[in-house]
Structures are given as structure tokens and as C-alpha cells.
Amino acid sequence: MINQQRLLAEFFDLVKIKCSSRAEREVADIVKAKLAGMGFEVSEDEVGEKIGGNTGNVIGYLKGAVSTAPVIMLSAHLDCVEPCAGVEPVLKDGVITSAGNTILGGDDKSGVVGILEALRTIQEQKIPHGDIQVVFTVAEEGGVNGSKNIDPKRLKADFGDVLDSSGSPGKIINAAPGQNAIKVIVHGKTAHAGLAPEEGVNAIVVAGKALAELKQGRIDPETTANVGIIKGGTATNVVPDYVEIACEARSRNAEKLEAQTKCMVETFEKVIAANGGTAEITVRKAYGPYVLTDDMPVVALARQAAESIGLPVSLQGTGGGSDANFFNTYGVPSAVLGTGMSKVHTTDEFIKEVDLYQTSELVLSLIKTAATMKKGA
């Protein structure tokens, strides 16, 4: 059993620390010290410098006595969305919220403390285990930049679990989409809107016609597309000659992702040209999709660990990306697990006290169950 009182106190302590993306120094130093105090070999990579932050990913490794067991990775991210300064957590009737106009920070401190408390428990209770790698990433919010820029050679695990999802403990995300970011620049022709509008090509109007024909929204159960940003124009008396559009396509199926991306690009090119404009279009792969089958060790472990402590298991696909997208791309099969965080990225964020405890109990069960497995089985 974990120490619930200690876990709750640690959660309250960590969510009070401001930890904006690319500014996770204070909380990173704290978790590094905690891991080192538990006997982990702890390092910090150079990702902070690469992404313009003050902190790299925190990586810990602990040797276990069960040499035949697979090496498992436990991961969560250190950063939070804004506003994350001055968080005052409040526990009332079994629910933890923020007292003010801030987020709570359960995304993803619920994962961080769930891992830390489980690790302390295995050592205090001398529970046999295999090798364990811990990866606390930075800058997950707004682009999963910590895992995106990590050196894959630093990942030593056979498979891993990322504690970073809404939904009660027992939820297992075994499929997630890849994402392509699409930027479109529409060029028209400027003119005076009152004196000679017929001499101009209105880039905003041209962009609007293209957007009207764009295939977007829910494309199918695995695929979505969205137009998120449009910028252009300088004054009402000037026919605008420049518009920027930022879009994305997502799918859990790589072929569908490429097909949807191609469809969007071709629509922009065709409609813009037909209306007298020109287009500059760039496509950037944000991250790739992954699908984990039921017979894979990472899924089997998560299911068995949850069931062994009486948690109802739910395997689901998701429409969002996470650090797991990159871990899977790097050859470390990784599932995302629910921690109970709710209404994340809003000032209404909350987590049930029981979910906080069950998350750590689940991590403990993952470690214990992995010790009974055979590497490569």
C-alpha cells in the first residue's frame, strides 16, 4: 500500500510551483533530488538549450534485482499550461480543485507524484523489481517538444507507460493520431478599396472561398482536420494581398493522415489559383500515430496490473497527441494511462482524491507485475 498522506502532501507541494513550459527549472531540481535520494542514476539532457528553455528532460535509471524482467519506463511531464502561478489547491468532499483563477496542475503532477510515491513504496517495502527508467519530460504542452527532441539512445526500456490522460485509473490509451501542421500563405494583389477595387485580388476573400470548400472537422472515426488561425489585412480601405492560415490534419491511420493532408493542400492550391491568387503551402510533420495491439506486452502489463488491484479496464483510442507518440516512434512501445485529471487546461480543473491514490497504486502494480514477466516474452 502507498502512503496516501505523503502522496497528497507531495501533490499539494508540487502544484504550487510555477512550471510553465520551457521554465520547469524549480520543479525539475526537486524531482531530480527525489530520484537521487531513492538511489536512481539521474541525468538531465540538453533539450532545454535546443528548445529555448531553462531545463532539460529528467531521466533516471534504477537497477533491479530481477534480471529476467523487462525494463519498464514510467513517464510524466513537468510543465503546465497557463495560468499556473500562485496555485492554491483545495481538498473538499474528496475533490481537489484550485482556489483561485488558475489551473490546478493535475496535468501532469498527478502522474509525477503517482510515479514518485510508487517508487518510494517499492523501496520501503523491499518489493522485488526489474530495472526501471523514469523520464520526466519538459515542454509537453504546446507541441510535445521535450520528447520530440530527446535523444532516443537515452531510452533503455523495453516498453513504457505515460501517466498523462483524463479518465480514471484503468483507462489505457492504445492508439493515438499523428498530426501534420499545414501553413498556407495566400497572395492576392493590393489596391485602393474605394478608388480601384477591381484592380486588386482580395486575399481574404480568396482564402474564404478555399476554406468553404475544405474538407474539415470529423472526417471519419480515426481522422480529423481543423483550421485554427487566420491572419490578414491592414485596413478597410485596402484590398488585402496577404493572408496566413494555420491548419492541421490528424489520424490514427498513417495512410489516412497523408490522404487528408494531400486533400487539404490540393483544395487550397486549386481554389486559390482559380480565384486569381497564389499560394505558398508548407506541411510539417508534428508527430506520428501509433496503435498498440492487445497482445503486445505493454498493453498486457497495463491490463493485468489494473485488474490485479480491482480497477475496471478500458482500452481506448484518442484524438490527441502526447509524449507517447514520440516514444513509440523511437521504438519504445508506450501506452498512455488515465490518472483521473478532469477539465484540464481550464480554471475548472479538478481531480478526485481517490483517483490520485489509485494512480499511484496502479504504478506500484505495474512495477510488481513487470517483475513477473520475462524479457522478450
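Going by the structure above, here's the rest.
Since this is a predicted model, take the numbers as computed values, not measurements.

1. Focus on the overall build of the protein
(1) Moving on: Scanning the protein from N- to C-terminus turns up ten helices and 19 strands.
(2) Moving on: In terms of overall dimensions, the protein has a C-alpha envelope of 80 × 45 × 40 Å along the principal axes.
(3) Moving on: Taking all 377 residues of the protein together, 52% fall into the buried category.
(4) Moving on: Sequence separation of at least 24 residues holds for 79% of the intrachain contacts in the protein that already meet a minimum separation of 6.
(5) Moving on: For the protein, the accessible surface area stands at approximately 15,900 Å², while carbon and sulfur atoms represent 51% of it.
(6) Moving on: The centroid of the 37 positive side-chain charges in the protein is displaced by 2 Å from the centroid of its 47 negative side-chain charges.

2. A few points about the sheet that holds strand β19 (residues 350-352)
(1) Moving on: The strand order across the open sheet formed by three strands is β4-β5-β19, and the pairing between neighbours is antiparallel. Because the sheet does not close on itself, it has two edges, and the strands there are β4 (89-92) and β19. Strand after strand, the sheet turns through a mean of 25° between neighbouring axes, direction not considered.
(2) Moving on: Both strand β5 (residues 95-98) and β19 contribute to a ladder of three bridges, which runs antiparallel. Paired with V95 across the strands is K352, a residue of β19.
(3) Moving on: Along the sheet face, helix α10 (residues 353-370) touches β4, β5 and β19 and points at about 70° away from the line of β19.

3. Side note on the nonpolar core
(1) Moving on: Ranked by size, the top nonpolar core spans 82 residues in total, and within it F11, L35, L74, L78, L119, F136 and I367 carry the most contacts.
(2) Moving on: Ranked by residues supplied to this core, first place goes to α10 with eight residues.
(3) Moving on: In terms of nonpolar packing, the next biggest core, distinct from the first, is built from 19 residues, A225, V243, C247 and L257 among them.

4. A closer look at the packing of helix α4 (residues 106-124) against α10
(1) Moving on: α10 packs onto α4 with a crossing angle of 50° between their chain directions and a minimal axis gap of 8 Å. Of the possible angle classes, the one that applies to α4 and α10 is oblique. For the crossing formed where α4 meets α10, the hand is right-handed. Listed contacts from α10 to S110, V113, G114, I115, E117, A118, L119, T121 and I122 of α4 are L356, T359, S360, V363, L364 and I367.
(2) Moving on: Class assignment for the residues of the contact of α4 with α10 results in nine nonpolar, five polar and one charged.

5. Brief notes about the pairing of strand β9 (residues 178-187)
(1) Moving on: Most of β9 is tucked away, with eight of its ten residues classed as buried.
(2) Moving on: Sheet topology note: the β9/strand β14 (residues 242-251) ladder contains ten bridges and is antiparallel. Paired with H187 across the strands is Y242, a residue of β14.
(3) Moving on: Alignment of β9 against strand β15 (residues 278-287), held across nine bridges, turns out to be antiparallel. When the sheet's bridge partners are listed, K183 is paired in β15 with T282.

6. Quick word on the packing of aromatic side chains
(1) Moving on: Counted under the stated rule, the structure contains two aromatic pairs.
(2) Moving on: Summarising the aromatic geometry, the rings of Y287 and F326 are spaced 6.4 Å apart at their centres and angled 75° between planes, so their arrangement reads as edge-to-face. Of the two residues, Y287 is situated in strand β15 and F326 in helix α9 (residues 323-329); the sequence distance between them amounts to 39 residues. There is no split in this pair, since Y287 and F326 are both buried.

7. Describing the pattern of salt bridges
(1) Moving on: Scanning the model with the defined rule gives 16 salt bridges in all.
(2) Moving on: The residue E44 makes a salt bridge to R25 at a minimum N-O spacing of 2.5 Å. One end of the pair, E44, is in strand β1 (residues 41-44); the other, R25, is in helix α2 (residues 25-37), with 19 residues separating them in the sequence.
(3) Moving on: Put simply, K63 and D131 hold a salt bridge, and the shortest N to O gap is 3.2 Å. Highlighted residues: K63 in the loop between β2 (58-62) and β3 (72-77) and D131 in the loop between α4 and β6 (132-137), separated in sequence by 68 residues.
(4) Moving on: On the basis of relative accessible area, K63 is assigned to the exposed category, the value being 57%.
(5) Moving on: The class of D131 is buried, set by a relative accessible area of 10%.
(6) Moving on: Each of R6, E10, K34, E117, R120 and E124 takes part in one network of salt bridges that share partners.

8. Focus: the pairing of strand β11 (residues 217-220)
The side chains of a regular strand alternate between both faces of the sheet.
(1) Moving on: As defined by bridge partners, β11 adjoins strand β12 (residues 223-232) across three bridges and the pair is classed as antiparallel. Along β12, the bridge assignment pairs D220 with T223.
(2) Moving on: Counted along the chain from β11 to the antiparallel partner β12, the turn is two residues long.

9. Here we look at the side chain of D323
(1) Moving on: Take D323: it is sitting in helix α9.
(2) Moving on: At 11 Å, K148 is the nearest oppositely charged side chain to D323, a buried residue that forms no salt bridge.
(3) Moving on: A polar atom in the side chain of D323 sits 2.6 Å from the side chain of S147.
(4) Moving on: Once you skip the residues sitting within four places of it in the chain, D323 turns out to touch H77, T137, E140, V144 and S147.

Basis of the calculations
Residues numbered from 1 in each chain as written. Predicted model: local features only at pLDDT ≥ 70, side-chain atom pairs only at ≥ 80, totals over all residues. Heavy atoms only, no water. Helix = DSSP H or I, 4+ residues; strand = E, 2+ residues; numbered from the N terminus. Buried < 20%, exposed > 50% of the residue type's maximum accessible area, 1.4 Å probe, protein only. Contact = heavy atoms within 4.5 Å. Areas by Shrake-Rupley, 256 points an atom, 1.4 Å probe, with all protein chains shown as cover. Lys, Arg positive; Asp, Glu negative; His and termini not counted. Charge placed at Lys NZ, Arg CZ, Asp CG, Glu CD. Pairing = 2+ DSSP bridges. Axes fitted to C-alpha atoms, helices over the stretch in contact; angles between N-to-C directions. Core = buried A, V, L, I, M, F, W, Y, C linked by side-chain atoms within 4.5 Å. Parallel < 35°, antiparallel > 145°, perpendicular 65-115°, else oblique. Left-handed = near helix turned anticlockwise from the far one by under 90°. Nonpolar A, V, L, I, M, F, W, Y, C, P; charged D, E, K, R; others polar. Phe/Tyr/Trp six-rings, centres within 6.5 Å; stacked < 30°, edge-to-face > 60°. Salt bridge = Lys/Arg side-chain N within 4 Å of Asp/Glu carboxyl O. Polar contact = N/O pair within 3.5 Å; in protein donor to acceptor, adjacent residues only side chain to side chain.

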